[in-house]
Amino acid sequence: MTFLFKPLKILLITSLLIGEKPYRGAEYRTSNTYQYGRFEVRMKSAMGSGIVSSFFTIRDFWANGLSNTVHWREIDFESLGKYTDKFQTNIISAYENHHEQLHTLMYNPHAGFHTYAFEWTPDYIDFFIDGYLIRHETSDYIGSFNTGQKIMMNIWQPIWEDWVGVFDESSLPIYAFYDWVKYYSYTPGSGNYGTDNNFSFEWQDEFNYFNQNRWEKATHTWSANNAQFVQENAVIQGGYLILCLTDNSSSGYMGDPLSNHSITNYVDGEGLIVYPNPFNNSFALQLPIGLWQEKKLLKLYDIEGKNVLSAEVNEINDGTIKLSLQDTKLPSGIYFGCLVTDEKKLNFKLTYVR
């Protein structure tokens with residue numbers, strides 16, 4: 001478990017013109033506020049250096065005409081896309097004091113769906129991943145979390161490379177997928193869920209449609225965010241909320257028609273991870289540990305079975321291979337890849353969006 005320090009986030013929530021930001025992101029937020037409770041989401045976070053996708057609650061004090069950061073209260077799951085074995089939790093108290101923890105996992109959190117939950121009570125804030133408690137916080141500042149907060153999810157591109165890593169815009173578009181969100185109220189002594197059965201189920205949203213009575217699509221940004229939030233990048237499709245990070249000339253989800261199979265088949269049977277998928281200009285392969293440092297040949301075939309690319313490839317770091325199609329002049333479409341090593345062949349499917 002590692003602690004990170006993130007510089008002061010100087011907010012500039014304005015109606016900035018989209019053209020003033022190089023990228024477009026998305027944020028989905030509740031209209032109402034919630035004080036205490038258990039907050040759950042099933043999500044597949046976005047993978048790639050320089051990217052954050054999230055699930056959190058925050059006191060929206062700006063909406064009440066307040067600006068002093070003494071009012072700041074925020075509880076976060078923050079996925080840092082550069083890590084393939086870590087996930088961050090964060091609690092932000094008055095004057096934007098960050099209390100971050102980086103949790104080491106035994107799996108790649110971006111490779112499939114996982115359930116993230118936190119319990120917020122007057123006495124503690126607990127964080128869970130797939131039902132396992134990963135953080136129990138009872139610090140003195142917890143008592144100051146005594147006003148309502150909105151539930152939010154977003155995808156954005158921070159300016160802080162020391163925190164999120166260097167961003168490669170050729171990896172766009174990039175997506176975070178959300179299957180459902182649940183809220184349980186805090187009912188100590190009379191609940192039937194969560195720690196000590198102190199929580200009671202209130203509602204679940206499975207993202208079958210845009211519930212305008214519950215949710216809003218944000219249209220703001222801030223000074224440390226290289227992306228402008230636009231409504232078009234918060235997409236409801238196939239029973240998922242898809243938050244999209246795109247360049248400044250495109251928006252929306254441009255991947256395959258969604259199904260449970262297509263979303264969960266992010267990792268092939270041999271443990272090869274392909275991301276982003278769909279991709280624009282370049283994509284990366286994360287190899288199983290046993291295949292690092294071996295000589296490899298990558299072959300790419302179009303949908304008719306024609307071999308359109310053959311190249312020897314090597315890892316750039318930690319078993320990652322990156323390949324750019326920017327100069328190949330290949331058309332957009334579905335392609336099939338085969339990575340040949342000394343021991344085996346790894347097959348995968350991906351979608352190219354020029």
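Attention here is on the structure that accompanies the text. (Residues numbered from 1 in each chain as written. Predicted model: local features only at pLDDT ≥ 70, side-chain atom pairs only at ≥ 80, totals over all residues. Heavy atoms only, no water.)

With that settled, the discussion passes to the side chain of Thr57. Relative to the helices and strands, Thr57 is located in strand E3 (residues 52-58). Here the side chain of Thr57 touches Gln149 through a polar contact of 2.9 Å, side chain to side chain. (Helix = DSSP H or I, 4+ residues; strand = E, 2+ residues; numbered from the N terminus. Polar contact = N/O pair within 3.5 Å; in protein donor to acceptor, adjacent residues only side chain to side chain.)

Note that the residue after Leu172, namely Pro173, is joined by a cis bond; omega there is 0°. Unlike most non-glycine residues, Glu96 shows phi in positive territory, near 55°. Looking at where Glu96 falls in the secondary structure, it is placed in the loop between strand E5 (86-93) and strand E6 (97-104). Under the relative-accessibility criterion, Glu96 is labelled buried at 4%. (Buried < 20%, exposed > 50% of the residue type's maximum accessible area, 1.4 Å probe, protein only.)

Our focus in this paragraph is the pattern of salt bridges. Side chains carrying opposite charge are able to pair once their charged atoms draw close together. All told, the structure shown has 10 salt bridges when counted by the stated rule. Asp205 is paired through a salt bridge with Arg214; the nearest N and O atoms lie 3.3 Å apart. Its relative accessible area of 6% is what places Asp205 among the buried residues. (Salt bridge = Lys/Arg side-chain N within 4 Å of Asp/Glu carboxyl O.)

What follows is about the pairing of strand E1 (residues 23-30). For E1, a buried count of eight out of eight residues is recorded, marking the element as mostly surrounded by other parts of the structure. Sheet analysis places E1 next to strand E16 (residues 240-247), joined by two bridges and oriented antiparallel. Pairing of Arg24 across the sheet is with Thr246, part of E16. Here E1 pairs with strand E13 (residues 215-217) via three bridges, running antiparallel. What sits directly across from Tyr28, in E13, is Lys217. (Pairing = 2+ DSSP bridges.)

What follows covers the packing of aromatic side chains. Tallied over the entire structure, the rule returns 38 aromatic pairs. Taking 5.6 Å as the distance between ring centres and 50° as the angle between the ring planes, the aromatic pair formed by Tyr186 and Phe199 counts as tilted. On the criterion of sequence distance, the pair formed by Tyr186 in strand E11 (residues 174-186) and Phe199 in strand E12 (residues 199-205) is long-range, its members being 13 residues apart. A cation over an aromatic ring shows up here: Arg214 above the ring of Trp203, its NZ or CZ 4.1 Å from the ring centre. (Phe/Tyr/Trp six-rings, centres within 6.5 Å; stacked < 30°, edge-to-face > 60°. Lys NZ or Arg CZ within 6 Å of the ring centre and 35° of its normal.)

On to the pairing of E11, then. By the criterion of burial, E11 is predominantly enclosed, with 12 of the 13 residues buried. Of the pairings in the sheet, the one linking strand E2 (residues 37-44) to E11 comprises seven bridges and is antiparallel in character. Note on E11: the bridge partner recorded for Val41 is Val181. Across five bridges, the pairing between E11 and E16 is antiparallel. Following the sheet pairing, Tyr178 is matched in E16 by Leu241. Where E11 lies against E12, six bridges are found, and the strand directions are antiparallel. The residue bridging Val181 from the neighbouring strand is Asp205, located in E12.

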